[in-house]
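# Coordinate inspection notes
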Amino acid sequence: MIVNNLKLLVGGVQLRDGVVTMTDVLGRIMTRAGLYVLAMERGYASTIYGAHQFDPMRITETPPLSWGDREVDVLIALDYDSNPDAAPQPNRDTVLRHGRELRDGGVLIYDSSTGEIDAGELERRGIKVFPVPARTVARDELKRDVVKNIVMVGALFRVLDFDPAGTYFRTLIEERFLRKGQQTVDINIRAAQRGRELVESILQAKGWTDVGYRLEPRPLREPLLLISGNEALSIGAIKAGCRFYAGYPITPASAILEFMEEHLPKYGGRALQGQNERESIRAAIGAALAGVRSMVGTSGPGLSLKSEEFGVSGMTETPVVIVDTQRAGPSTGMPTKSEQGDLYLSVFGGHSEVPRIVLAPATQEECYTLMMEAHELADKYQCPVFFLTDLNLSEGRKAVPESFFLSQKARIDRSTLVTEEDLRRDGAYRRFAVTPSGISPRLLPGTPGAVFKASGSEHDERGFVSTDPLVRKAQVDKRLRKLQTYLKEDGRPPQVFGKVEGRPVLIGWGSTRPVILEAQQRLQARGIEAAVVHFTHLWPFPTEAAKPLLEQANTVICIEQNFTGQFAEVVQAHCLVPVRRILKYNGVPLYPSEIAEGVEAILRQGVSTVRITDGPVPVKVSEGD
Amino acid sequence: MAETKAQKISAKVWEENAVPRHRIQWCPGCGDFGVLAALKMALTKLEITPYELLIVTGIGCSGQIRNYLNGNGFHGTHGGPLAYALGAKMVNPELKVISMGGDGDTFAIGVENFVHVCRRDPEIMHVVMDNGVYGLTKGQHSPTHGRGMGLEVFSEEAPPPFSPLRLALTAGATFVAQSFSGDPKHAAEIYVQALQHKGFAMVNDFSPCVTYNKFNTYDWYREHVEEIPADHDPSDLNAAWDLLNDFDRRGRLPLGIIYRNPRNKKAFRRAPIWPQELADADVRPLLRLFA
């Protein structure tokens, strides 16, 4: 019997079966029951209705290292009549797609409203199969089609022997639906009850006393929050004093815009849905110009459109935080799949040379803390600060203790702004004064005593356009000198996990840290002691910290979700050590076992690059994603 | 602010913190001089202080205007001034925000911003320094090129000019006017009203390019412009359209306020800026959403 440690996957038809509602209900109940939830490798399609959708969720008693491998313990199939052509298991997209991922001895619960599947093969693998006619029950008995996923929640809870009194479930349903009336609450409760009964009768008929998995509530020391990267970074921005947000709807960044539109006004700020990507970033620059900490969010295609303004922000020294929730592929690529492909655009994008800082959080917690740092850095260095997340991290949800968020302090240092008193004391004001740090005093319009002139054209210290070679050199030196100051005062070395000397070193950046750390453990179990060196502060590259470290390594292997190894190139160029690569770019998240196998291939067979591919899908499944 | 406001705002104030007159890079006789003079007159009349002023400009000859008069100035991308101005005005309604763009800035590369700023209606005055050409890149056609020319000159490569006033009306602007930099006094009167308008005010200013536009010269404009009749009711949208049609039919260009109809708008407060305003941000209610 495995208690409080399983991975489940809910699959169904997008928009119809309520996959997300179900996992949201499950996730919330589990975190309230004191269990850790990690739901990060979500699968959905860029269609509104009809494609296959799935949502895996790891539930554990102690915080999990990562989302783990592809295998699942419990599979819940909400779809009932999709893919009618696929013999020999008609109507079961979720079963067809994810049956292979189901561990031997696992559990399958599926909607049998349109007939039962041929479960022989699954049963031979020791899988316990529960046909639950959820939709029939919902539609015919309860007269409410939409509660079919709640029937499944009840079924699942009985299978896992969780919440027998229904207390957790009742509380959540009342919170959610009481405003829609007592009747709605009652129907949901009855739906869950019917699910329990259906499973109960199967258990009795089969003579099963347990199914091998169980969930038990844990004493709750403090509330756990189930929060996504997008949500965590939005709250981090508000905490950091961001009071203007602009965005143009784009997957997977739209959630930030929606969150900010709803909540920023409560803090005196304003959010703008731009009429296009360019209006968004320009308005954000305008707001920053007026003195407000300001941010935009977008994904790759939007970042391309915004790239013109990288230079405006850098040249006029107007701070702006640019969130890029990376998704797969150039052009419009794969809007609902994850990748780490925009490093080059963030680091090198825009014409000529723009001073900039590039950060990438690894976890939902870091989305919060690093975002506070991003605003602080933008304010201090008066340049664009890029914040690179990706679809997995942005939309993936994780249980984090509330106390973690409450214990983080925001630093709101606005000392680079000149005040009326400063102007009275110092006399002549020069917006782009050449200073040893490269940081010039910033004036907000409306401050009596001086005015600023800022220009995207090359300018002198007062901001007047100039092409004088001496002025040009002094200003370029000044602007780019900020990055040296940053490295000295605020740069962060990579985080090191394990001993580097003489060992293979796994390098990562951004959201892949958890899987790389889990791969490190798997390797250790196989007798390979590897260190992990992980970067959150990507640019300007911390060469002084990284080079001596990596020179001690036996083999340096960079793990990324892209084709070329963008960060590997950066590391190689700055540290002058050969960097081997493990790369995945098929839109599917990285799994620890794949990384471990890749590392072994590199160490044993001496290959320089491993490109990971998932095995072919042997069954015919429905089109549309 | 009160202390500075009390000082007499004289025309001379606008010469401070600006490029000296002899270093102005516009060609001798450029229409933009008239716009600059009119702007100074209007700002002086309204007793606006340079400190509370934010002038955002586009690219090209027109974009340089922010360097030639006092006040805070920002010069970003081609086509961008209205969007920067929108952002600044949204977070600080106390600022007097003026956007100055050329016809390319406003109607070619920046048309996406222009159309939607008309709808959004922020309290910004936008002056188009309309000369029909791209001057700083040496005379290529702009969207308003060919005004008054015979139709036979137009082809796929050089389509006929379009009407800035009609675009503004269609897009929902609440203040639409036209002025001529050859008559700065009249232009200044229009700017005064545009600056007092509670909403987005668009002024299309004919600002002849003496170097590259040999057709739409000062003389040509003087022959074709005509003040709007005193009995025109600018609050009547149908009257505005009728007026434009009437002037077009007669081959004349209207000067004055074509349409003015402010919306009843909610006033916004300045967004928090200073550390003490931001320090007590309590995010606990936001975190509770995820419990």
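First, a word on what this report is: a plain description of the structure on this page. Source: prediction; values computed, not measured.

## Some details on the overall build of chain A
When helices and strands are counted, chain A shows 21 helices and 24 strands. For chain A, the C-alpha radius of gyration of 27 Å lies close to 25 Å, the compact-globule estimate for 625 residues. Sequence-distant contacts in chain A: of pairs separated by 6 or more residues, those separated by 24 or more amount to 74%. If you sum the accessible surface of chain A, you get close to 22,300 Å²; carbon and sulfur atoms cover 51% of it. For chain A, the distance from the average position of its 75 positive side-chain charges to the average position of its 78 negative side-chain charges is 2 Å.

## What to know about the overall build of chain B
Counting secondary structure elements, chain B contains 11 helices and 10 strands. Along the first, second and third principal axes, the C-alpha atoms of chain B reach 70 × 45 × 40 Å. Expressed as a percentage of the 291 residues in chain B, the buried residues total 57%. When contacts within chain B are restricted to residue pairs at least 6 apart in sequence, long-range pairs at least 24 apart make up 74% of them. Averaged over its 30 positive side-chain charges, chain B has a centre that lies 6 Å from the centre of its 32 negative ones.

## A closer look at the sheet that holds strand S3 (residues 36-39) of chain A
All names here are of chain A. Spatially, the 8 strands line up as an open sheet ordered S7-S6-S5-S2-S4-S3-S16-S9, and their pairing is mixed. Looking along the sheet, the strands with just one partner apiece sit at the ends: strand S7 (128-132) and strand S9 (224-228). Each strand axis lies, on average, 20 degrees off the axis of its neighbour in the sheet, ignoring direction. Bridge analysis of strand S6 (residues 102-111) against S7 gives 5 bridges, and the strand direction is parallel. From the neighbouring strand, Ile109 faces S7, where its bridge partner is Phe130. Along the sheet, helix H1 (residues 19-32) makes contact with strand S2 (5-13), S3, strand S4 (52-60), strand S5 (72-77), S9 and strand S16 (397-401), crossing S4 at roughly 10 degrees. The sheet strands contacting helix H13 (residues 364-381) are S9 and S16, and the helix crosses S16 at an angle near 70 degrees.

## Examining the pattern of salt bridges
Residues and elements named next belong to chain A. Counted according to the given criterion, the structure contains 71 salt bridges over all chains. The closest approach of N and O atoms between Arg282 and Glu308, which form a salt bridge, is 3.4 Å. Here Arg282, found in helix H10 (residues 277-289), pairs with Glu308, found in helix H11 (residues 300-316); they are 26 residues apart in sequence, far enough to count as distant. When its relative accessible area of 0% is taken as the criterion, Arg282 is described as buried. For Arg424, the salt bridge goes to Glu420, with nearest N and O atoms at 3.1 Å. Taken together, the residues span about one helical turn, with Arg424 and Glu420 both in helix H16 (residues 420-426) at a distance of 4 residues.

## As for the interface of chain B and chain A
On the chain A side, the residues contacting the 57 residues of chain B number 68 residues. Taking both sides of the interface into account, the surface hidden between chain B and chain A amounts to around 5,300 Å²; carbon and sulfur atoms contribute 62%. At the boundary of chain B with chain A, the tally comes to 3 salt bridges. Taken together, the elements giving at least two residues each to the side of chain B that touches chain A come down to helix H1 (2-6), strand S2 (72-75), helix H3 (81-91), helix H5 (111-120), helix H10 (275-278) and helix H11 (284-288) of chain B. In terms of residue count, H3(B) provides more of the side of chain B that touches chain A than any other element does, 7 residues in total. As paired strands, strand S17 (residues 453-455) of chain A and S2(B) are joined by 3 bridges and run parallel to one another.

## Overview of the pairing of strand S15 (residues 384-390) of chain A
All names here are of chain A. Taken across its 7 residues, S15 has 7 buried, putting it largely inside the fold. Burial of S15 is two-sided: the residues Pro384, Phe386, Leu388 and Asp390 facing one way and the residues Val385, Phe387 and Thr389 facing the other way are all buried. Across 7 bridges, strand S13 (residues 320-326) lies against S15 in parallel orientation. What sits directly across from Ile322, in S15, is Phe386. Relative to S15, strand S14 (residues 357-359) runs parallel, the two being bridged by 3 bridges. Within S15, the residue paired with Leu359 across the bridge is Phe387. Once you follow S14 into H13 and on to S15, the crossover reads as right-handed.

## A closer look at the environment of A:Lys380
Residue and element names in this part refer to chain A. Mapping Lys380 onto the fold places it in helix H13. In sequence terms Lys380 and Lys482 are 102 residues apart; their C-alpha atoms lie 9.5 Å from each other. Among the polar contacts listed, one links the side chain of Lys380 to the side chain of Asp490, at a separation of 2.9 Å.

## So, the packing of H5(B) against helix H6 (residues 164-171) of chain B
Residue and element names in this part refer to chain B. H6 packs onto H5 with a crossing angle of 50 degrees between their chain directions and a minimal axis gap of 7 Å. Classed by the angle they form, the pair H5 and H6 counts as oblique. Packed against H5, whose contacting residues are Val111, Phe114, Val115, Cys118 and Arg119, the element H6 presents Leu167, Ala168 and Ala171 at the interface. Considering only residue class, the contact of H5 with H6 consists of 7 nonpolar, no polar and 1 charged.

## Digging into the packing of aromatic side chains
Inspection of the entire model under this criterion finds 26 aromatic pairs over all chains. A centroid spacing of 6.0 Å and a plane angle of 45 degrees characterise the contact between A:Tyr344 and A:Phe348, whose relative ring orientation is tilted. Of this pair, A:Tyr344 and A:Phe348 are both found in helix H12 (residues 343-348), 4 residues apart, which corresponds to roughly one turn of the helix. Residue classification places A:Tyr344 among the partly exposed positions, given a relative accessible area of 30%. An aromatic cluster is defined as three or more aromatic residues linked by ring pairs; in this entry it consists of B:Phe180, B:Phe206, B:Phe215, B:Tyr218, B:Trp220 and B:Tyr221. Across the ring face of B:Phe268, the terminal group of A:Arg270 is positioned such that the distance to the ring centre comes to 3.3 Å. Against the face of B:Phe247 rests B:Arg250, its NZ or CZ located 4.8 Å from the ring centre.

## What to know about H5(B)
Three or more residues of H5(B) are buried, namely B:Asn113, B:Phe114, B:His116, B:Val117 and B:Cys118. Considering only its buried residues, H5(B) is in contact with H10 of chain A together with H3, helix H4 (103-107), strand S4 (124-130), H6 and strand S8 (201-206) of chain B. Following H5(B) by one or two positions, B:Asp121 has its phi on the positive side, about 65 degrees.

## Considerations on the nonpolar core
Core analysis: the largest hydrophobic core is formed by 91 residues, its most contacted members being A:Phe244, A:Ile507 and A:Phe567. It is H3(B) that provides the largest number of residues to this core, a total of 7 residues. Counting 71 residues, the second largest nonpolar core, distinct from the first, contains A:Trp67, A:Leu233, A:Leu393 and A:Val588.

## Some words on the sheet that holds S14(A)
All names here are of chain A. Strand order in this open sheet of 7 strands is S11-S10-S12-S13-S15-S14-S21, and the pairing throughout is mixed. Of all strands in the sheet, those with a lone pairing partner are strand S11 (270-273) and strand S21 (537-539), marking the two edges. Going from strand to strand, the sheet's axes swing by 20 degrees on average, the running direction of each strand aside. Pairing of strand S12 (residues 293-298) with S13, which is carried by 4 bridges, proceeds in the parallel orientation. Looking at S13, one finds that Gly297 is bridged to Val323. Those strands touched by H11 are S12, S13 and S15, and its axis lies near 160 degrees from that of S13.

Rules used throughout
- Residues numbered from 1 in each chain as written.
- Chains lettered and ligands numbered in written order.
- Predicted model: local features only at pLDDT ≥ 70, side-chain atom pairs only at ≥ 80, totals over all residues.
- Heavy atoms only, no water.
- Helix = DSSP H or I, 4+ residues; strand = E, 2+ residues; numbered from the N terminus.
- Rg over C-alpha atoms; globule rule 2.2 N^0.38 Å.
- Contact = heavy atoms within 4.5 Å.
- Areas by Shrake-Rupley, 256 points an atom, 1.4 Å probe, with all protein chains shown as cover.
- Lys, Arg positive; Asp, Glu negative; His and termini not counted.
- Charge placed at Lys NZ, Arg CZ, Asp CG, Glu CD.
- Buried < 20%, exposed > 50% of the residue type's maximum accessible area, 1.4 Å probe, protein only.
- Pairing = 2+ DSSP bridges.
- Axes fitted to C-alpha atoms, helices over the stretch in contact; angles between N-to-C directions.
- Salt bridge = Lys/Arg side-chain N within 4 Å of Asp/Glu carboxyl O.
- Buried area = accessible area lost by both parts, 1.4 Å probe.
- Right-handed = clockwise from strand over helix to strand, strands pointing away.
- Polar contact = N/O pair within 3.5 Å; in protein donor to acceptor, adjacent residues only side chain to side chain.
- Parallel < 35°, antiparallel > 145°, perpendicular 65-115°, else oblique.
- Nonpolar A, V, L, I, M, F, W, Y, C, P; charged D, E, K, R; others polar.
- Phe/Tyr/Trp six-rings, centres within 6.5 Å; stacked < 30°, edge-to-face > 60°.
- Lys NZ or Arg CZ within 6 Å of the ring centre and 35° of its normal.
- Core = buried A, V, L, I, M, F, W, Y, C linked by side-chain atoms within 4.5 Å.

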